Amino acid sequence: MEKIQSGRSSFRNSHLHRLGAVGMAILLTLAFGGTALAQQIPVSGTVTSAGGTPLQGVRVRLQGTDVVAITGANGRYSIAAPSNGTLSFTLVGQRAVETPIAGRTTIDVTMEAISYLEQVVVTAYTEQRRADITGAVSSINVESASRQTGASVLQRLDAAVPGITVVASGSPGARSTVRIRGISSFQNNDPLYVIDGTPVQESYLNFLNPNDITSIQVLKDASSASIFGARASNGVILIETTKRGVAGPPQVTFRARTGMATPVRGYDDILITNSLDYFEVMKASYENAGEAVPTNIYGDPNNPSVPAFIWPNNCPATSACTGVVTSFDAFGRPTAVNQAAYSYPNTLIMPGSQGTNWWDAVFGSAMVSDYNLDVAGGGEDNAYRVSFNYFDQGGTAKFNHFKRGSVRVNTTFTRGKLNFGENISLALERHVGGLPNDPGGYAEDGILGKNILQQPVIPIYDINGNFAGGKAKTLGNQGNPLKFASAARNNTTKNNQVFGNVFAGLDVSPQFSFKSRLGFNVAQRTSLTFTPASPEVAEATFGNGAGENRNDFNDWTWTNTLRYVKALSRHNFDLLVGQEANRGNNRYIEASIGNLLNTSPDSRYIQDALGQASTKNVFTTGGRNALLSVFGKADYNFADKYVASFTLRRDGSSRLAPGNQWGTFPAAGLGWRISNEPFLANSRIFSDVMLRFGWGVTGNQLIPSGRIVAQFGGSRGDTYYDVSGSNSTIVGGFRQTSLGNPNLKWEENKSTNVGADIVLFEGKVNFIVDVYRRATSNLLFDPRLPATAGVAAPPIVNVGEMKNTGVDFSIGHQAASWSVSFNGSHYKNEIVSIDGVQDFFYGPISTRFGNQVINQVGHPIGSFHGLVTDGYFQTQAE
């Protein structure tokens, strides 16, 4: 046994097929044209710190392959490897170790603590020391993040990295909105996620079990992200789930976590729950406006009281009171009613409430449970790991629930210099209750929208146990939030998803390696919804409706890379070239029907016999898109002092117009490790200092497929015509639904980043700062059209410019058994120009909100548009 001390679509299918055939031929040639395979042996050992403490979570990798083992709590590892192979040991905060196996079956390793700049992280298609990185790259402390429990790993990024914001509704299973260094586009602003080398262009990552994750890196600027080209304009988040098996018999690990979620600091902080207190606020609003205070609910404004009934109310002359109200007070408020006259849905009777706490009526504590079972093992030339997860989270809003079951299988096989395997996960999700992104577009939508504005004098239930509402005048048009939650208790959203990749690699020599990876993402999402009648509100509805939709999509990405690493004296070269092809397809179908005869969940089907046939509507759509890319990257390091990086990627997109489909995206970076210069060699303050400069261009083509041509469609109530007037000869028509633009081209984002990584006082303090500027040109934008242009959606055009400027910083202290860090960021967004003619446009929700959101040159995107007070009018002339 030896102990080692640490050391250092518009595309033609033929294009994709032809490129695929070439890539496969290269792979087969390399795979079967090699020499004799080395003997596989089991290698095990213990990894400890310089002080002798076992190190957990050390990543033990067979160089040139994807074969990885992770040390346990006792620092032990086991891996199958060729007798002539080389093992690398990496752990954040520890100096990397590389050692040849040389036929040994037991290798113990001691790792020394290192500074921030010596850490090894995953960047793009390779691994790099931080001292060799010239861009803005941040790492997530996975161990610290794993202490949080949530359905999505993205929720664990919040406040973990400067420059990143994460927003979620709080509903279990809700989509998380992630922004890296703000908003830079009028279109999609989501970052690109790369999971085990497979790109994912969406922010719904609930299919991924956070327990499987081994590392997360964030590429924040173009010099680090541009190698991903077309989809990297909003930054890149790299997620690795490469926990592998170990040689030996199966090892079983079970982990269980359970807890209670409770809403804290919600609307209950500001809601008025006493009816008479609410009246005083309402009274002041009428008096300040110079209007008479209504008396139909609270009676005498100077001596208000809670009414016996809020409905029927103030209606002696209406049919609603006939046979219902038996006596009134002086203000026309019912004081006695004939309860036998109650009839749903037309004749309702609702008592007044001394004060309903709508927050408590809907929100409360809920259980959260997370169970993980892992089985890992392997032999001399193979390793496997199978993980099972069951996640169960109740919503803090009533009748809201999320469940997920998933299984992940990772296997690797080695045959001398050849290695291959797969990472595949299957996830089944079920979300029951209100849709995950409550509230909706305006105040009357969702539980929260209804909750905040519902008045406390309205009771939860009427006298017959049905849900009550503000049917009388001055009570608003808000619905009952508990009814909204209850009505959605059988609404179900299902996600079934298979995600993963298969890979193969050939370590031709210590300097030269080839990798091929085919990633795929196949999913089916369905949703069932029901909308009940609402006779209890001011704008009553007496019809119900049911709907369902289904979205099927698949996406595959095939990547081939060649890497060459060479050291010549004090010169170090790392060259990478690659090719990538991507194809995506989706098909969406939606159906609905109104006035169901039976509202039971068992009868909610879109059938003529179950509802009003004339209201039935079916709608389908879909699309396909493709990307074809080639890229290269060259890294140079001289004497561990001067670093240079150059990247070039060329992407072709089927979403853009012929002649404009291809875009070229370069990037460059420079680094100076001044702590290795003689004038800082003996500094007692500056232990390690790296200055960085990065510049790069990325592209954006994230628009719906097919927008280069005009699109046509139609539906009932829109383009269908009853020719005979008998409703029996309905003829379908069509109209233009969107205008096309045959000149669409790439949106471009140019980014400049200047940063510094500073380690102070022999590694006790780390300080990282980045100052950046991002300028987006040729913005993909769909301007609002005048009414004379018709109802077709506007074309997407390339106009305008936007810029972001900001600073990110982080300061931290690392001790033997604890650490602390403080992150901060600030950025400014500004619309520089739109189309050279207009200098503003309203936000997309302006039709509901009355133009409250405006996007204006010289101001940030999505600014609120309102009036600024400038004193009071004293006279009619003023």
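These figures come from a predicted structure and were not determined experimentally.

Chemist: What am I meant to see in the overall build of the protein chain here?
Modeler: A count of helices and strands for the protein chain gives 8 helices and 45 strands. The proportion of buried residues among the 878 residues of the protein chain is 48%.

Chemist: Which parts of the structure should I look at to understand the side chain of Asn544?
Modeler: Along the chain, Asn544 falls in the loop between strand 28 (512-531) and strand 29 (545-568). We classify Asn544 as buried; its relative accessible area is 15%. Within the local environment of Asn544, its side chain forms a polar contact with the backbone nitrogen of Leu596, the two atoms lying 2.6 Å apart. Aside from chain neighbours lying at most four places away, what touches Asn544 is Phe530, Thr531, Pro532, Ala533, Ile593, Gly594, Asn595, Leu596 and Thr599.

Chemist: Mind showing me how you'd approach the nonpolar core here?
Modeler: For soluble globular proteins, the rule of thumb is that nonpolar side chains tend to be buried together. Among the nonpolar cores identified, the biggest contains 33 residues, and Val362, Phe363, Val457 and Leu475 are the most heavily contacted of them. Counting 23 residues, the second-largest nonpolar core is a separate cluster that includes Val161, Tyr193, Ile195 and Ile239.

Chemist: Is there a simple way to explain the environment of Gly150 in this structure?
Modeler: With respect to the helices and strands, the residue Gly150 is situated in the loop between helix 2 (142-145) and strand 12 (164-167). Linking Gly150 and Asp392, residues 242 residues apart in sequence, is a C-alpha distance of 9.7 Å. Residue contacts for Gly150: discarding those within four places in its chain leaves Gln155, Arg156, Pro210 and Phe391.

Chemist: I tried to follow the sheet that holds strand 6 (residues 86-91) on my own but got confused; where do I start?
Modeler: Adjacent strands of a sheet form backbone hydrogen bonds with each other and so pair up, either parallel or antiparallel. Taking strand neighbours across the sheet as the criterion, the 4 strands line up as 4-3-6-7 in an open arrangement whose pairing is antiparallel. The open sheet terminates on both sides in strands that have one partner only, identified here as strand 4 (68-70) and strand 7 (94-100). Taking each pair of neighbouring strands and ignoring which way they run, the sheet shows an average axis angle of 20 degrees. Of the strand pairs in this sheet, strand 3 (residues 59-62) and strand 6 are connected by 4 bridges, and their pairing is antiparallel. Of the residues in strand 6, the one forming a bridge with Leu62 is Leu87.

Chemist: Which parts of the structure should I look at to understand the pattern of salt bridges?
Modeler: Side-chain pairs of opposite charge can arise whenever the charged atoms involved come near each other. This structure, assessed with the given rule, holds 26 salt bridges. One salt bridge connects Arg408 with Asp196, and the closest N-O pair in it is separated by 3.6 Å. Taken together, the residues span a long stretch of sequence, with Arg408 in strand 25 (residues 401-415) and Asp196 in the loop between strand 14 (192-195) and strand 15 (198-200) at a distance of 212 residues. The exposure class assigned to Arg408 is buried, which follows from its relative accessible area of 3%. Asp757 serves as the salt-bridge partner of Arg692, at 3.0 Å between the closest nitrogen and oxygen. Pair noted here: Arg692 is in strand 34 (residues 686-700) and Asp757 is in strand 39 (residues 747-760), with a separation of 65 residues, a long-range link. Neither residue differs from the other here; Arg692 and Asp757 are each classed as buried. A single salt-bridge network, built from bridges that share partners, covers Asp196, Asp212, Arg255, Asp374, Arg385 and Arg408.

Chemist: Sorry if this is basic, but what is going on with empty space enclosed by the protein here?
Modeler: Vacant regions in the atomic arrangement are exposed by a probe of water-molecule size rolled over the atoms. Roughly 120 Å³ of internal volume is contained in the largest cavity. When contributions to the lining of the largest cavity are tallied by element, the ones reaching two or more residues are strand 10 (126-129), helix 3 (222-225) and strand 31 (612-638). A per-class count over the lining of the largest cavity returns 4 nonpolar, 8 polar and 3 charged.

Chemist: Is there a simple way to think about the side chain of Arg649 in this case?
Modeler: With respect to the helices and strands, the residue Arg649 is situated in strand 32 (residues 642-653). From its side chain, Arg649 meets the backbone oxygen of Ile227 in a polar contact 2.6 Å long. Looking at Arg649, its side chain comes within polar contact range of the side chain of Ser629, at 3.1 Å.

Chemist: I would appreciate a short explanation of the pairing of strand 12 in the present structure.
Modeler: Only one face of strand 12 is covered, namely the face carrying Ile164 and Val166; the face carrying Thr165 and Val167 is uncovered. Examined bridge by bridge, strand 12 and strand 13 (residues 177-180) share 4 bridges and lie antiparallel to one another. Paired with Ile164 across the bridge in strand 13 is Ile180.

Chemist: Teacher, can you tell me more about the packing of aromatic side chains here?
Modeler: Each aromatic ring pair is characterised by the separation of its centres together with the angle its planes make. All chains considered together, the criterion is met by 16 aromatic pairs. Taken together, a centroid distance of 4.8 Å and an interplanar angle of 40 degrees make the contact between Phe279 and Tyr298 tilted. Pair noted here: Phe279 is in helix 4 (residues 275-288) and Tyr298 is in the loop between helix 4 and strand 19 (309-311), with a separation of 19 residues, a long-range link. Judged by relative accessible area, Tyr298 falls into the buried class, the value being 1%. Ring plane angle 40 degrees and centroid distance 5.2 Å describe the contact between Phe573 and Tyr636, whose orientation is recorded as tilted. A residue pair is termed long-range when its members are at least 10 positions apart, and Phe573 in strand 30 (residues 571-594) and Tyr636 in strand 31 qualify at 63 residues. For Phe573, a relative accessible area of 32% puts it in the partly exposed group.

Chemist: Hey, could you run me through the pairing of strand 17 (residues 236-240) in this one?
Modeler: In terms of residue burial, strand 17 counts as a mostly covered element, since 5 of its 5 residues are buried. Burial along strand 17 is two-sided: Val236, Leu238 and Glu240 and Ile237 and Ile239, pointing in opposite directions, are all buried. Here strand 14 runs beside strand 17; their pairing, made up of 4 bridges, is parallel. Its bridge partner lying in strand 17, Tyr193 is registered against Ile237.

Chemist: Would you mind going over the environment of Ala546 with me for this structure?
Modeler: Positionally, Ala546 belongs in strand 29. Ala546 sits in the buried class, given a relative accessible area of 5%. Distance in space between the C-alpha atoms of Ala546 and Pro601 is 9.8 Å, their sequence separation being 55 residues.

Chemist: Looking at this model, I keep getting lost on unusual backbone geometry. Mind explaining?
Modeler: Note: most peptide bonds trans; most residues except glycine with negative phi. For the peptide bond that leads from Trp311 to Pro312, omega is 0 degrees, which places it in the cis range. Along the chain, Pro312 falls in the loop between strand 19 and strand 20 (325-328). Backbone torsion omega between Tyr344 and Pro345 reads 15 degrees, so that peptide bond is classified as cis. Among the structural elements, Pro345 can be located in the loop between strand 21 (334-337) and strand 22 (350-351). The phi dihedral of Asp196 is positive, around 55 degrees, even though this residue is not glycine. The phi torsion at Asn595 lies on the positive side, around 55 degrees, for a residue other than glycine. Within the secondary structure layout, Asn595 lies in the loop between strand 30 and strand 31. Among the residues examined, Asn595 registers a relative accessible area of 32% and is labelled partly exposed.

Chemist: Mind showing me how you'd approach the confidence of the model for the protein chain here?
Modeler: Caution applies to low-pLDDT regions: their predicted coordinates should not be interpreted in detail. On average, residues of the protein chain score 84 in pLDDT, and 87% of them reach the 70 mark or higher. Contacts of residues 845-851 to residues separated by more than four positions or lying in other chains number 9 contacts, the stretch itself having pLDDT below 50. Counted against residues more than four places away or in other chains, residues 865-869, with its pLDDT under 50, gives 5 contacts.

Rules behind the numbers
- Residues numbered from 1 in each chain as written.
- Predicted model: local features only at pLDDT ≥ 70, side-chain atom pairs only at ≥ 80, totals over all residues.
- Heavy atoms only, no water.
- Helix = DSSP H or I, 4+ residues; strand = E, 2+ residues; numbered from the N terminus.
- Buried < 20%, exposed > 50% of the residue type's maximum accessible area, 1.4 Å probe, protein only.
- Polar contact = N/O pair within 3.5 Å; in protein donor to acceptor, adjacent residues only side chain to side chain.
- Contact = heavy atoms within 4.5 Å.
- Core = buried A, V, L, I, M, F, W, Y, C linked by side-chain atoms within 4.5 Å.
- Pairing = 2+ DSSP bridges.
- Axes fitted to C-alpha atoms, helices over the stretch in contact; angles between N-to-C directions.
- Salt bridge = Lys/Arg side-chain N within 4 Å of Asp/Glu carboxyl O.
- 1 Å grid on protein atoms, 1.4 Å probe; cavity = no way out; pocket = protein on both sides within 12 Å on 5 of 7 lines; lining within 4 Å.
- Points joined across faces, edges and corners; volume = space filled by probe spheres on them.
- Nonpolar A, V, L, I, M, F, W, Y, C, P; charged D, E, K, R; others polar.
- Phe/Tyr/Trp six-rings, centres within 6.5 Å; stacked < 30°, edge-to-face > 60°.
- pLDDT = per-residue confidence, 0-100.

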